[in-house]
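These are the residues of each chain, in order.
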Amino acid sequence: MAPFSIYSFLGLGVPIIAVIYYAFQSEQGKPTLSNIALVTHGSYLLGFENSIVLALITSIVPGIIGLILAYAIATSRSATLKRLVATASGVLANFGGINLTFMFIATLGSTGILTAWLSAIHLNPWNFGFNLYSFYGVALVYLYFQVPLMVLVITPALGGLRPSWREAAENMGASSWGYWRYVGVPVLMPSVLGGMLLLFGSGFAAYATAETLTAGTVTLAPIQIGSLLAGNQLAGQENVGYAVGLGMFVVLAVTMILYGLVRRRASKWLR
Amino acid sequence: MASLIPDIVEDALVAVPEAPGRRRRPRLRVWRAVVLFIAGAYFLIPIYAGLRFSFENDAGHLSLYAVKAIPSEPGFSAAFWLSMRLAVVTLALTLVLMVPTSVYVHLKLPRLRRLLDFVTILPIVIPPIVLILGVLRAAPLWLRASPYLLSLVYVILSMPFVYRSLDAGLSAIDLKTLVEASRSLGGNWLNTLWRVVVPNLRSALLSATVLTLALVLGEFTMASLDLWTTLPVWIYQFQQVDAHVSTAVSMVSLIGTWLLITLIVSLDRSQSRRTRRRTNNS
Amino acid sequence: MTELVDATRIAGPAPAGARVSLEGLVRTYGATRALNGFSLAIEPGEFVALLGPSGCGKTTALRVLAGFERLDSGRVTVDGRDVSKVSAQHRDMGMVFQSYSLFPNMNALNNVAFGLRMRRQHATQRRQKAGELLELVGLSDQASKYPHQMSGGQQQRVALARALAIEPRVLLLDEPLSALDAKVRAELRDQIRQLQQRLAITTVFVTHDQEEALSMADRVCVMSAGRAEQTATPAALYSRPTTSFVAEFVGVSSRVPVESENGSVVLFGERCRIRASDVGLPDGPLDALLRPEDVTITPDETAKPFVTHKSFLGAITRVIVQVEGVAVRVDVRSDVAADIELGARVRVAVVSRDVLVAQRTATRPGSTQ
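All of these numbers come straight from a predicted model, not from anything done at the bench.

Engineer: Please set out the sheet that holds strand β11 (residues 254-261) of chain C residue by residue, giving values where relevant.
Structural biologist: Residues and elements named next belong to chain C. Strand order in this closed barrel of five strands is β11-β12-β13-β20-β14, and the pairing throughout is mixed. Going across the sheet, the axis of each strand differs from the next one's by a mean of 50°, ignoring polarity. With seven bridges connecting them, β11 and strand β14 (residues 284-290) associate as antiparallel partners. Within β14, the residue paired with Ser260 across the bridge is Gly284.

Below is the structure:
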């Protein structure tokens, strides 16, 4: 236990403390609030806003899609399909970054395969305002690992839905709608919320995909940190990156608190 | 007893012409087919596009040149071997750190399991980019000069997956009895861990290994910000030179990971099936 | 035992159960025939148990009746009306499942009120009725508990109240007691039976436990291989089984090899008639099936049979006697048995003058156990 405690303190605790500490330090080593003031205004504030919106979109949409997909698979009788999807989800959920970027450029880039197919029927998405290298392009690409992540998280919960609940509901005169409205959805709700929180965190933090896809041109908080770390900073603002990092902690903390409150309501039957 | 019953039955007789089982299933099947088709298209078309692009030359003709060129491209082998070294070091560190810790906590300090659950979930919650920000500032200079700083951080990143699979594996076996049996037969702690506990955790260790390797070989954020050209960083940089080659490398690494996972999962399945059969016979 | 309130007040005036008839039910899964021409007629207000080993089709029969399983052929009628094609949702049958069928996200009261909610009853009305039903099963104080806060027995009582809340035409019980421990099981058994009699609700009860079936039901239908083997009152089933399957499945029987000749056999030196229904068997080697109480023993130094085992069961003691290499179980009053030592020589006789016979089996399960 001791080696583990030391390791996780050095590897987790110290870096976190460093981020918080330097967020309040000026370049001269004096305590200051100017870094904080800077990141709560202008382009840094926009970065947070965009990141939060992106994280919301890429947690709610893939959350729902993942739930539907997981249900379609859970109710199937094919063991092969289940195994295939479980393996595929495990791989795809960890499949961010550079590989994904290349695949999507080859698919929906201006000369991508799908773009070519759609152009052939005069539906080239680029002619309708679509741009893969933009905010919504990033959101579309994020689906690729967020949906499998949701499938992984929610499948065990779907397995916990007992057939006898459905039969009991039907038996007492409930339609399919009645069952889902009063039993299925409420029972799944805590797991769905938990899954979406995970997706929110992963969408909010994702750097590699957005950076490689847009070459750092979208205004997102992680991209700004990367850019600051790579040396793109003004003199006297060397510690701004730490303030952005602290801001990301704050956003995540607030999200967790909100999640805790919602979950408490949704799962009062669990306690 | 049955005031509202007759009309309901009558309604039902009129409204529901077919047997219930027959009535519901086809609709569900069509619905499922549609969902699976859309999902399949979304997940498979990019893979197809990536593969297609890897096997094309600039003129858009099918060609193996990109795949053949991979090993000889400048910087590729350095990046490849750097990633491999990082993977091996990370894996060794992770197992040496996490296996004794989880075993010890399961055995002696079950009350600390909740704390361990919490600590090991943190790396999922903390954005990697913020973590590396803190690491680069806090690490001493001699460590910052070494690529193995990345391995040290990757150990942290892999903790959530590794601990969870070890925890599941440990919960599935009667660890206490196994260890007590071994100790009573004269085994010392190291012996017991190596000869009794580890063999029983085979599948948990396998999945921890796969997850760690996949994580290290695909990690881009930290490596690029620590300015080390690991395989993913090389792929990104090389697209300026030849995007076909870059894509080919990335597809090969995807397929390699996939095969590795499938192989290990199926090995594990056949192993556990054999074990079960043996148990049934006895 | 929980106190019961006046059930008629809740069930409304003049409760009348439905008449149910299952006719020639056939249901196959791939190559296996779960139901193979199963028929059963149930009188209004009757409590019928479906009894049989696992895989005999009893649960399938219940699920067909509930509307969860589709039929390959045959039909189900309720009060003369064919409901084979009515969905479970509209059948108005209350079902209690083996276990864990309470909705985990609702407390006991809302679970009971669920069916009424689906029938769009007013909230205050359904709460009141659900409260009354919880009172009926003796759980008024548990109304706001969630399923995971209740014991298994309490959960099954809530499930019972929930099934009764919709005033079902037929109450279906699918092994509702099998997940409970012995004491709770006995208590709930009595409670279900009392409620059923008060409400006079037609009830079908599936079980693999013969004691449960015999002690609760008006009639028991023993099933085997997807068919009804025999349907009769518990007493008739026990004392006059019409087939060897029933004789061996219900109660305990010893198998004794005999030779049949012109409809009679010689058993322990006495000639006995073969029971009418099995006369069809040809002359030759058969096994006689004997209940422990069909046989008496008296100490006799000169006799060959001797006592090999004794197990004390309270008022009676079950004695196993070795007769010409065959073990025969005999029930003896315990005070009498106390005087019989292990190894003592005894004379064996049959009480009744007609015996049930079966084709001789190679393994002879009755003689080895």
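Engineer: Residue-level account of the interface of chain A and chain B, with values.
Structural biologist: At the junction of the two partners, chain A supplies 51 residues and chain B supplies 57 residues. Considering every element that reaches the side of chain A that touches chain B, the biggest residue donor is helix α1 (residues 2-23) of chain A, with 12 residues. Grouping the constituent residues of the side of chain A that touches chain B by class yields 35 nonpolar, 16 polar and no charged.

Engineer: An account of the nonpolar core is requested, with residue identities and associated values reported.
Structural biologist: Val153 of chain B together with Ala49, Leu65, Val112, Ala161, Leu172 and Ala288 of chain C are the most contacted members of the largest nonpolar core, which has 239 residues in total. Here this core gets 13 residues from one element, more than from any other, and that element is helix α8 (residues 148-172) of chain B. In contact with Ala161 of chain C, other than residues within four places in its own chain, are Val112, Leu133, Leu134, Leu136 and Val137 of chain C.

Engineer: Which residues make up the pairing of strand β7 (residues 170-174) of chain C, and what are the values?
Structural biologist: All names here are of chain C. Within β7, five of the five residues are buried, which leaves the element mostly enclosed by the surrounding structure. Side chains Val170, Leu172 and Asp174 of β7 all project onto a buried face; the interleaved residues Leu171 and Leu173 project onto the opposite face, where all are buried too. Taken together, the four bridges between strand β6 (residues 93-96) and β7 define a ladder with parallel strand orientation. Residue pairing for β7: Met93 is matched across the bridge by Val170.

Engineer: Report on the domain arrangement of chain C, specifying residues and quantitative values.
Structural biologist: Looking at chain C, the domain boundaries give domain 1 (7-239) and domain 2 (252-368). On a C-alpha basis, the centres of domain 1 of chain C and domain 2 of chain C stand 39 Å from each other.

Engineer: So, the environment of Ala69 of chain B: which residues are in play, and what are the values?
Structural biologist: Residue and element names in this part refer to chain B. Structurally, Ala69 can be placed in helix α3 (residues 65-69). Judged by local crowding, Ala69 falls into the partly exposed class, with 15 C-beta atoms found within 10 Å. C-alpha of Ala69 to C-alpha of Val249: the two residues are 180 residues apart in sequence and 10.0 Å apart in space.

Criteria and thresholds
Residues numbered from 1 in each chain as written. Chains lettered and ligands numbered in written order. Predicted model: local features only at pLDDT ≥ 70, side-chain atom pairs only at ≥ 80, totals over all residues. Pairing = 2+ DSSP bridges. Helix = DSSP H or I, 4+ residues; strand = E, 2+ residues; numbered from the N terminus. Axes fitted to C-alpha atoms, helices over the stretch in contact; angles between N-to-C directions. Contact = placed C-beta atoms within 7 Å. Nonpolar A, V, L, I, M, F, W, Y, C, P; charged D, E, K, R; others polar. Core = buried A, V, L, I, M, F, W, Y, C linked by C-beta atoms within 7 Å. Buried ≥ 20, exposed ≤ 12 C-beta atoms within 10 Å, placed from the backbone. Domains from an automatic or database assignment.

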